[in-house]
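One letter stands for each residue in the lines below.
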Amino acid sequence: MTTHQDGNAGGESATARTVSVDVVVVGAGTSGCYAAATIADAGYDVVVVERKDETEAGHIACGDALKGASDFPDAIPKSQLEPAFTNTDVDHGRFEIPQEDTVLEIPVPGELAVIDRWEYGRCLIEGASDSGVEFHYDTVVQDVRQDDSGRVTGVKAMRKGDPVTYEGDMVIDGAGALSILQDKTDLEDATFDTNVQYSQFCSAYREIIEVDEPVEWDDALVFKPTERSAGYLWYFPRTDTEINAGLGFQMNEEPMELVDDLKRDLQGRSEFEGAEVQDKLGAALPTRRPYDSAVAPGFMAVGDAAGHVNPTTGGGIAGAAYAGTYAAEQAIEAIESGRTDDEAALWEYNERVMDHFGARYAALDVYNIFTTAYDVDDLMALLAALPGEKLAEALYGGSTSIGLGLKLKMAVKSIGHLGTIRDLYQTKKAADRLLDHYESYPSERSGFESWQRERDSIMDDIYEVTGAEPKY
Ligand SMILES: Cc1cc2nc3c(=O)[nH]c(=O)nc-3n(C[C@H](O)[C@H](O)[C@H](O)COP(=O)(O)OP(=O)(O)OC[C@H]3O[C@@H](n4cnc5c(N)ncnc54)[C@H](O)[C@@H]3O)c2cc1C
């Protein structure tokens, strides 16, 4: 890493400092730490620029449910994160549906841990530091530098009140949802997805609550619909007496009073009587399909900054870890071939994301679109009629098969909602078509525009079937 005083680079003040590295990573979250650790492991110079101070870094609004940690990428192995796992006994979801007076117990496929999220954040940073990553805390990125060809060459930041310029062969944006970097970058000539609006995000809030008596459901993730269809409340047990309680709503809806709505629900549950709130945090998260492309010359986005979140559950930690790793591996390849300025040399990153989880998340988003167009009571009746395994498949798999027997069972249980069921079948067919299409995501940049055109035409059908407002 080289550092020098920069007299007039980019027209900055005479005291601006410039830090030069191979790769600049913005954000010390999951995606940034995995990206940086992978790059440092390969022997390259990398700095993580983080706006929070050293103590606060890693303290991130989250439901604390970590899925799939058993096979997280090697750059920061599971063993390094395990000290933050506070509950590994959760094996099912508990869906409370007050409208139907029903509780559904739904198996959660794969490994799941509820974690102390702040401790997990510290473990991540420690893991990346062990690989040789340098962290610059208290450093807020405010602008992005591009050369005349449009290639991203670095970022401008304020570090404890002083301007610092970071330059590198590649900038990786791991700055989370609604990243400022993308507002500040001219991406007009790139494939990078700029079709991003607030309405594709969820606003969420959570409290960590300590109760005196152990809760009975410490082996379950508890979900409950909010009073409107586009949101849900959760109660995730970090331990049997420490609960992560939170809620969120899709930002195309009338805003919810998150703090008050949570308080009201807590007050209605006897297990929270006399409970103490230990911590409060809120944030936005993307509940949309992954970015069509998250690359531009000299630039890649990872994790929340590229929509790598399961849009039905809001789970984004696993996607962030993998996206960070894949982007870093691609950056290394591009540096070694001297082609960091060429989108075609970065393309494989997009492909790996779509192949691993992006296609599935895009198909799941169809169900989100479906729910925005229907009445909450209708949907809850339908949910109550679906057997647990099918719901689990639908929540995590992006698709579920619905046989004739099940159709009949559902129809009998949900008389009065037959129209919704019919529409759901049509929607499922459209989601399957979309999944197929994403599974043939182009392996080269040249196939991108025609792939997008075909995808948009499938989306048109989805809006027609669901009657939902176009989301993209
Ligand atoms: C309330 C809530 C509950 C959630 N629950 C779960 C859950 O239970 N399970 C799950 O898997 N996922 C959950 N998620 C999603 C999950 O938290 C994210 O998907 C995940 O943290 C994404 O990681 P990331 O590294 O991409 O971004 P982040 O973790 O958001 O990290 C971004 C980092 O960038 C820094 N940064 C931002 N802007 C700048 C800037 N200008 N300059 C310098 N630094 C900057 C931030 O300070 C932060 O440290 C939840 C999200 C929310 C909001």
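No experiment lies behind these values; they were computed from the predicted model shown.

Visitor: Would you explain the sheet that holds strand β9 (residues 112-115) in this entry?
Guide: Hydrogen bonding along the main chain pairs the strands of a sheet, whether they run parallel or antiparallel. The antiparallel open sheet is built from three strands, whose spatial order is β5-β9-β6. Each edge of the open sheet carries a strand with a single partner, namely β5 (65-67) and β6 (85-87). Strand-to-strand twist across the sheet, computed as the mean angle between neighbouring axes with direction ignored, equals 55°. Looking at chain direction, β6 and β9 are connected through two bridges and run antiparallel. Its bridge partner being in β9, Asn87 is matched across the sheet by Val114.

Visitor: I'm lost on the site of the ligand in this one. Help?
Guide: Around the ligand lies a shell of 36 residues, among which Ser31, Glu50, Gly63, Ala65 and Asp304 are the nearest. Glu50 is positioned such that a nitrogen or oxygen atom in its side chain is 2.6 Å from an oxygen atom of the ligand. Note that an oxygen atom of the ligand is positioned 2.6 Å from one of the side-chain N or O atoms of Asp304. Protein chains bury 93% of the 1000 Å² of accessible surface belonging to the ligand in isolation. Of all the elements in the fold, those that place two or more residues in the shell around the ligand are α1 (30-41), β11 (139-146), β19 (276-286) and α6 (317-336).

Visitor: Teacher, can you tell me more about helix α3 (residues 117-130) here?
Guide: Think of an α-helix as turning once every 3.6 residues; residues three or four places apart then point the same way. Taking 1.5 Å of rise per residue, the 14 residues of α3 would be expected to cover 20 Å, and the 20 Å separating its terminal C-alpha atoms lies within 8% of that figure. Residues of α3 that are buried: Arg117, Tyr120, Gly121, Cys123, Leu124, Ile125, Gly127 and Ala128. The N-cap residue of α3 is Asp116: its side-chain oxygen and the backbone nitrogen of Trp118 are 3.2 Å apart. After α3 finishes, the residue Gly132 shows a positive phi value of roughly 105°.

Visitor: Even after reading the chapter, I still don't get the packing of aromatic side chains, so can you show me in this structure?
Guide: Two aromatic rings, taken as a pair, are described by how far apart their centres are and by the angle between their planes. One pass over the structure, following the stated rule, counts 21 aromatic pairs. Between Trp217 and Tyr235 the ring centres are 6.4 Å apart and the planes differ by 55°, which places this aromatic pair in the tilted class. Here Trp217 is found in the loop between β15 (201-210) and β16 (220-225), whereas its partner Tyr235 is found in strand β17 (residues 231-237), with 18 residues between them in sequence. Three or more aromatic residues joined by ring pairs make a cluster, and in this case those are Phe95, Phe223, Tyr232, Trp234 and Phe236. Geometry around Tyr472 places Arg289 over its ring, the cationic atom sitting 3.6 Å from the centre.

Visitor: What exactly am I supposed to notice about the pairing of β17 here?
Guide: Remark: a regular strand shows side chains that alternate across the two faces of the sheet. Extensive coverage of β17 is indicated by the burial of six of its seven residues. In terms of strand pairing, β16 meets β17 through four bridges, oriented antiparallel. Looking at the pairing, Pro225 lines up with Tyr232 of β17. With seven bridges joining them, β17 and strand β18 (residues 242-250) adopt antiparallel strand pairing. In the sheet register, Gly231 faces β18, and the bridge partner there is Phe249. Connecting β17 to the antiparallel partner β18 that follows it, the hairpin turn spans four residues.

Rules used throughout
- Residues numbered from 1 in each chain as written.
- Predicted model: local features only at pLDDT ≥ 70, side-chain atom pairs only at ≥ 80, totals over all residues.
- Heavy atoms only, no water.
- Pairing = 2+ DSSP bridges.
- Helix = DSSP H or I, 4+ residues; strand = E, 2+ residues; numbered from the N terminus.
- Axes fitted to C-alpha atoms, helices over the stretch in contact; angles between N-to-C directions.
- Near = heavy atom within 4 Å.
- Polar contact = N/O pair within 3.5 Å; in protein donor to acceptor, adjacent residues only side chain to side chain.
- Areas by Shrake-Rupley, 256 points an atom, 1.4 Å probe, with all protein chains shown as cover.
- Expected span 1.5 Å × (residues − 1).
- Buried < 20%, exposed > 50% of the residue type's maximum accessible area, 1.4 Å probe, protein only.
- Phe/Tyr/Trp six-rings, centres within 6.5 Å; stacked < 30°, edge-to-face > 60°.
- Lys NZ or Arg CZ within 6 Å of the ring centre and 35° of its normal.

Structural measurements only, silent on function.
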